[in-house]
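# Topology and contacts: notes
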Amino acid sequence: MKSDLPPGVPAGGPVSGPDRGGSGGTPHPESVSGSTSSSGRALRGLGVSPGIAIGPAHVVESGAVAIPEYAIASDAVEAEVARFNEAATKARRQIKKLKGKALVLPDSASEEIGFLLDAHLAMVTNSRLTRGVEHRIKQDRVNAEAAIQAEIAAIAATFAGMDDAYLAGRIDDIREVGRRLTRNLMKQEYRAFSSLPPGSIILAEELTPADTALLDPTVVGGFATVLGGAEGHTAILARSLGLPAVLGAPGLLAGVRNGVTVIVDGLQGRVLIDPPAEMLADYGERRAARERERQGLKSLRKLPAVTRDGTAVTLMANLELPRDLDQALEHGAQGIGLLRTEFMFMNRDHLPDEDEQYAVLRTMIEGMGGRTVTARTMDLGGEKLAGWMAGRYGEPANPALGLRAIRLGLREPKLLETQLAAMLRAGVHGPLRILLPMIASVAEVQKVREMMGQVARRLRRRNIAIADPLPPVGVMVEVPGAALSADALAYAADFFSIGTNDLTQYTLAIDRADEQVATLYDPLHPAVLRLIQFTVEAALRARIPVSVCGEIAGDPRYSALLLGLGVRELSMAPLAVPAVKKRIRALDLMEASRRARVIMDQSDSGRIATLLDDFNAIL
Ligand code: PEP
Ligand code: MG
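Treat the numbers as computed from the prediction; the structure is a model and nothing was measured.

Here the focus is helix α22 (residues 605-618). In an α-helix there are 3.6 residues to a turn, and that puts residues three or four apart on one side. Along its 14 residues, α22 runs 20 Å from first to last C-alpha, staying within 8% of the 20 Å computed at 1.5 Å per residue. Of the surrounding secondary structure, the elements contacted by the buried residues of α22 are α18 (526-542), α19 (556-564), α20 (577-585) and α21 (589-600).

Rendered as structure tokens:
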């Protein structure tokens, strides 16, 4: 196994930080206290999806893929060299990021890993390797992946002739760098996890949202990674799938063998590798208690989400994949408040056509049996790159600020028109709303409405049945600019859905998927709360429905505040519905509104958190 943090990371170190419940804090490795096992090791990370998983480790070997080899035409040489340079630039970024992570390891490990990563960095920066690869692309007219293979084989042959153990050892590093470059070139997203032993725990440097979408909860017990933040889509998917997960755990992969027993504690953010028997037994009991609690909450399924003083709240589900539909119904969701259709575009070589999209949407709408389905047009881009998109547009400098979501749809009208056509047709089969992601201006909404009108006319001319009247068109309020112009947008939109995940990210300039800044990510920051309040008030004035579909909607901690601010519709991971319903049924709305007013007068998020937590403790 080759890890991102190369061999030599010591297995243990003193615990130097406070225990955290859930996300936040600086993750680091530690020894398993009270361990009777010589190899036991505990690591800290961000607990992003609660629950306990115990099972055999499956270490994701980065780069174990078939390498394509093909000849290229002389006029394609320049583009191929550019493609290679792009992969090398990306590799430099990745290695620098890993260096940052190594800094939080104990001193000796940090230094040793720092040296190794410096060596890797040098290998992707105008080195014999990079020059050799470029030369081979030009000279041999082969693709970059094949050129890397050939160059590494040549370097290995030179090294093999040297009677120097140190240099001989360096070839492993060169191979590792070669794998990184190849992975970057292949925009490798697909990883098959279906043939693992049941209950396997995936340990990886990083799982992209596309990788995570492939995880089957009947096979995989949970996962842990070195990279990743608490509010990125990998974390969101983990919660949706109900898979305990810890992200951002440095040193995770050092010396782990496939098959060794691993515990993932997704609430405390702990990963225990080869734990001693008494710890295994303790975690086994905790897992059983949690399962009993979950089953108990399910009994709320048929009860309405009504506050103690009689106000009804609509609780809906966020869905990524059709397979989650049953879960939404099982947990009592009253509709789908956010269908992330972009997941239909991932892990495949070709785009889904209109008929395929229509079939999936129809299944979802019919499956919901008359409850509203809110389908969001694809929010591709950012960290949710579909393979074809990376090939077409390359790696953006600032993915979260780049060609994402509705911007991509308006740049590629065929893509959006196809999706709108599928939605209009599917709308015949039940109540459907169409939601537009990452809207920043009224003009964007108008353009989509015009496009939708044209698509509707074309379908009608061809006598194809479509929703009549056309489905309501809503706006995701998730960009600060949209929140600040919510009063104008409220006249262009039929409903609002507040995406607090991105709203927090963009308001505070904190990358939601970056574990390095995870502690700064704070939806209770007064700036974020004011934008939510402004948006809700604009919607209420314009008499359009407003919901919250960011992750805070699924956390009972925030229910009183959101209801107190006037929100009556929440959309969340299906598994979160019962706990939020329980909270709402215990709430007095008058009191919650009063507390929300006090909170909105505060300027410090620490004080806000205290005011909220105190309220939750009493009421
Ligand atoms: C959000 O940004 O809050 C949201 C719900 O959308 P996503 O998480 O898919 O970006
Ligand atoms: Mg969003």
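Turning next to the pairing of strand β14 (residues 473-477). Counted residue by residue, β14 has five buried out of five residues, so it is predominantly covered. Relative to β14, strand β13 (residues 432-436) runs parallel, the two being bridged by three bridges. For Ile434, the partnering residue across the bridge sits in β14 and is Val473. The parallel pair β13 and β14, bridged by helix α14 (residues 442-461), forms a crossover whose chirality is right-handed. By the bridge criterion, four bridges tie β14 to strand β15 (residues 495-498) in an arrangement that is parallel. From the neighbouring strand, Gly474 faces β15, where its bridge partner is Phe495.

Our focus in this paragraph is the site of ligand 1. As a structural note, the neighbourhood of ligand 1 is formed by 17 residues, with His233, Arg340, Arg376, Asn501 and Arg512 the closest of them. Between ligand 1 and Asp502 there is a distance of 2.9 Å, counted from an oxygen atom to a side-chain nitrogen or oxygen. Alone, ligand 1 offers 280 Å² of accessible surface; in the complex the protein occludes 100% of this. Contributions of two or more residues to the shell around ligand 1 are made by α7 (233-241), β11 (336-340) and α17 (500-508). A per-element tally of the shell around ligand 1 places α17 first, with three residues. In the shell around ligand 1, the residues fall into four nonpolar, five polar and eight charged.

Membership of the largest hydrophobic core comes to 108 residues, with the highest contact counts inside it found for Leu315, Phe496, Ile532 and Leu570. Counting only domains with at least three residues in this core, you end up with domain 1 (30-62 + 190-276) and domain 3 (305-584). Excluding residues that lie within four positions of it along the chain, Ile532 makes contacts with Ile498, Thr500, Leu503, Ile552 and Leu565. Membership of the second largest hydrophobic core comes to 47 residues, among which are Leu98, Leu117, Leu227 and Ala249.

With that settled, consider the side chain of Thr535. With respect to the helices and strands, the residue Thr535 is situated in helix α18. The contact partners of Thr535, leaving out residues within four places of it in the chain, are Val477, Ala483, Ala486, Phe496 and Ile498.

Next up on the list: the coordination of the magnesium ion (ligand 2). Every protein donor of the magnesium ion (ligand 2) is listed here as Glu478 (OE) and Asp502 (OD), and their distances to the metal cover 2.0 Å. Taken as a pair, Glu478 in the loop between β14 and α15 (480-484) and Asp502 in helix α17 lie far apart in primary sequence, 24 residues in all. This pair shows no difference in class: Glu478 is buried, exactly as Asp502 is.

The final tally for this structure, using the stated rule, is zero aromatic pairs. Sitting over the ring of Tyr283, Arg286 keeps its end group 4.2 Å from the ring centre. The positively charged end of Arg425 is found above the aromatic ring belonging to Tyr358, 4.2 Å away from the centroid.

Enumeration over the complete set of coordinates arrives at 27 salt bridges. Here Glu342 makes a salt bridge to Arg376, at a shortest N to O gap of 2.7 Å. Remark: Arg376 occurs in strand β12 (residues 373-376) and Glu342 occurs in the loop between β11 and α10 (354-367); sequence separation between them is 34 residues. Like Arg376, Glu342 is buried. Arg425 is the partner of Glu354 in a salt bridge, and the nearest nitrogen-oxygen pair spans 2.7 Å. Of the two residues, Glu354 sits in helix α10 while Arg425 sits in helix α13 (residues 413-426), which places them 71 residues apart along the sequence. Each of the two residues, Glu354 as well as Arg425, counts as buried. Through salt bridges that share partners, Glu342, Arg376, Asp379, Arg404, Asp502 and Arg512 make up one connected network.

Cut-offs applied
Residues numbered from 1 in each chain as written. Chains lettered and ligands numbered in written order. Predicted model: local features only at pLDDT ≥ 70, side-chain atom pairs only at ≥ 80, totals over all residues. Heavy atoms only, no water. Helix = DSSP H or I, 4+ residues; strand = E, 2+ residues; numbered from the N terminus. Expected span 1.5 Å × (residues − 1). Contact = heavy atoms within 4.5 Å. Buried < 20%, exposed > 50% of the residue type's maximum accessible area, 1.4 Å probe, protein only. Pairing = 2+ DSSP bridges. Right-handed = clockwise from strand over helix to strand, strands pointing away. Near = heavy atom within 4 Å. Polar contact = N/O pair within 3.5 Å; in protein donor to acceptor, adjacent residues only side chain to side chain. Areas by Shrake-Rupley, 256 points an atom, 1.4 Å probe, with all protein chains shown as cover. Nonpolar A, V, L, I, M, F, W, Y, C, P; charged D, E, K, R; others polar. Core = buried A, V, L, I, M, F, W, Y, C linked by side-chain atoms within 4.5 Å. Domains from an automatic or database assignment. Donors = N, O, S within 2.8 Å, 3.2 Å for Na, K, Ca; no water. Phe/Tyr/Trp six-rings, centres within 6.5 Å; stacked < 30°, edge-to-face > 60°. Lys NZ or Arg CZ within 6 Å of the ring centre and 35° of its normal. Salt bridge = Lys/Arg side-chain N within 4 Å of Asp/Glu carboxyl O.

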